[in-house]
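A look at the structure
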Amino acid sequence: MPERNINFGSFGARGIKGHEAVARRLDALAGFIATPITQQRGLLARLHYLTRSDHARQAAREAGLAVTDRTLKAWLEGRRSPSKKNLQAIETAYRTVRRRNVARYLLARLNREGRGTRVEFHPLNQSQVPRPRQRVIEYRTLNVRHWDRIVQAWAADDDTALDDAWVNDVTMDLGSQWGEYEYVTTIGFAA
């Protein structure tokens, strides 16, 4: 689409892409473990989540956690600590498995049997843009009824598909103003 912002922020506007804001909001709704993985409590919570059943262990392996059961047991008992590379692999596997597990629930919650969810578009921050270059961008709301592609792309951690789904399925419904909401401060919705 030729109207998409090529030089965003060249005059001082601040914001993030709409699909990134949606991914952050979906992450918040997913309820990830708040304690950082660098602390023992956070590490153990993630490891317990990934090893609580055979199905969870298989999902963790598919998500990229390629360590032996003996190593996992040593980490859980505190006899050994994972390396930085393994900490990253644990965090990635945890987020991937958690997204997959929560996706179906979130989809039902957001679609609400066809009623959808009201989404708030908070416009980008133009406080650093010189006065003559500022645009009037208002706060907007929109009812999104079909979240299938958005949640599927989020669960798969596919940034390109999420951007495509967000722009084509949601922001195009804003009419001629859709380009003004490509970048936003935040996206809000209560599901």
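Up top you'll find the structure we're talking about.
Below you will find a few notes about this structure.

Basis of the calculations
Residues numbered from 1 in each chain as written. Predicted model: local features only at pLDDT ≥ 70, side-chain atom pairs only at ≥ 80, totals over all residues. Heavy atoms only, no water. Pairing = 2+ DSSP bridges. Helix = DSSP H or I, 4+ residues; strand = E, 2+ residues; numbered from the N terminus. Contact = heavy atoms within 4.5 Å. Axes fitted to C-alpha atoms, helices over the stretch in contact; angles between N-to-C directions. Expected span 1.5 Å × (residues − 1). Buried < 20%, exposed > 50% of the residue type's maximum accessible area, 1.4 Å probe, protein only. Polar contact = N/O pair within 3.5 Å; in protein donor to acceptor, adjacent residues only side chain to side chain. Phe/Tyr/Trp six-rings, centres within 6.5 Å; stacked < 30°, edge-to-face > 60°. Salt bridge = Lys/Arg side-chain N within 4 Å of Asp/Glu carboxyl O. Parallel < 35°, antiparallel > 145°, perpendicular 65-115°, else oblique.

Attention shifts here to the sheet that holds strand β3 (residues 140–144). One open sheet accounts for 4 strands, arranged β1-β4-β2-β3; its pairing is antiparallel. Across the chains shown, the open sheet's two edge strands, defined by having one partner strand only, are β1 (16–17) and β3. Bridge analysis of β1 against strand β4 (residues 183–189) gives 2 bridges, and the strand direction is antiparallel. Paired with Ile16 across the strands is Val184, a residue of β4. The sheet contacts of helix α1 (residues 18–30) involve β1 and β4, and relative to β4 the element is tilted by about 30°.

Time to look at α1. The terminal C-alpha atoms of α1 lie 18 Å apart, and with 13 residues this matches the ideal 18 Å at 1.5 Å per residue to within 8%. Every buried residue of α1 is listed here: Gly18, His19, Ala21, Val22, Ala23, Leu26, Asp27, Leu29 and Ala30. Where α1 is buried, its residues contact β1, α5 (84–111), α6 (148–155), α7 (159–169) and β4.

So, about α7. By the burial criterion, the buried members of α7 are Leu162, Asp163, Ala165, Trp166 and Val167. At the N-terminal end of α7, a side-chain oxygen is found 3.4 Å from the backbone nitrogen of Thr160, two or three residues along, and the residue is Asp158.

Locating Arg46 in the fold gives a position in helix α2 (residues 40–51). Judged by relative accessible area, Arg46 falls into the buried class, the value being 3%. At 2.6 Å, the side chain of Arg46 and the side chain of Glu91 are in polar contact. Contacts of Arg46, omitting those with residues within four sequence positions, involve Ile33, Thr35, Pro36, Ile37, Ile90, Glu91 and Tyr94.

Summed over all chains, the structure comprises 5 aromatic pairs. Geometrically, the ring pair formed by Phe121 and Trp166 is tilted, given 5.9 Å between the ring centres and 35° between the ring planes. Taken as a pair, Phe121 in strand β2 (residues 117–123) and Trp166 in helix α7 lie far apart in primary sequence, 45 residues in all. Overall, Trp166 belongs to the buried group, its relative accessible area being 2%. For the pair Trp147 and Phe189, a centre-to-centre distance of 5.1 Å together with 55° between the ring planes defines the contact as tilted. In this pair, Trp147 sits in the loop between β3 and α6 while Phe189 sits in strand β4, placing the two residues 42 residues apart along the sequence.

Oppositely charged side chains can form a pair if their charged atoms are brought close together. Under the definition given, this model contains 12 salt bridges. Asp27 is the salt-bridge partner of Arg99, the closest N and O atoms lying 2.9 Å from each other. Pair noted here: Arg99 is in helix α5 and Asp27 is in helix α1, with a separation of 72 residues, a long-range link. In this pair, the class of Arg99 matches that of Asp27, namely buried. Its salt-bridge partner being Glu91, residue Arg95 comes within 3.0 Å of it at the nearest N-O pair.

Close contact between α1 and α5 brings their axes to 9 Å; oriented N to C, the two are set at 95°. The pairing of α1 with α5 is recorded here as roughly perpendicular in orientation. Facing α1, whose interface residues are Leu26, Asp27, Leu29 and Ala30, α5 presents Arg95, Arg98, Arg99, Val102, Leu106, Arg109 and Leu110.

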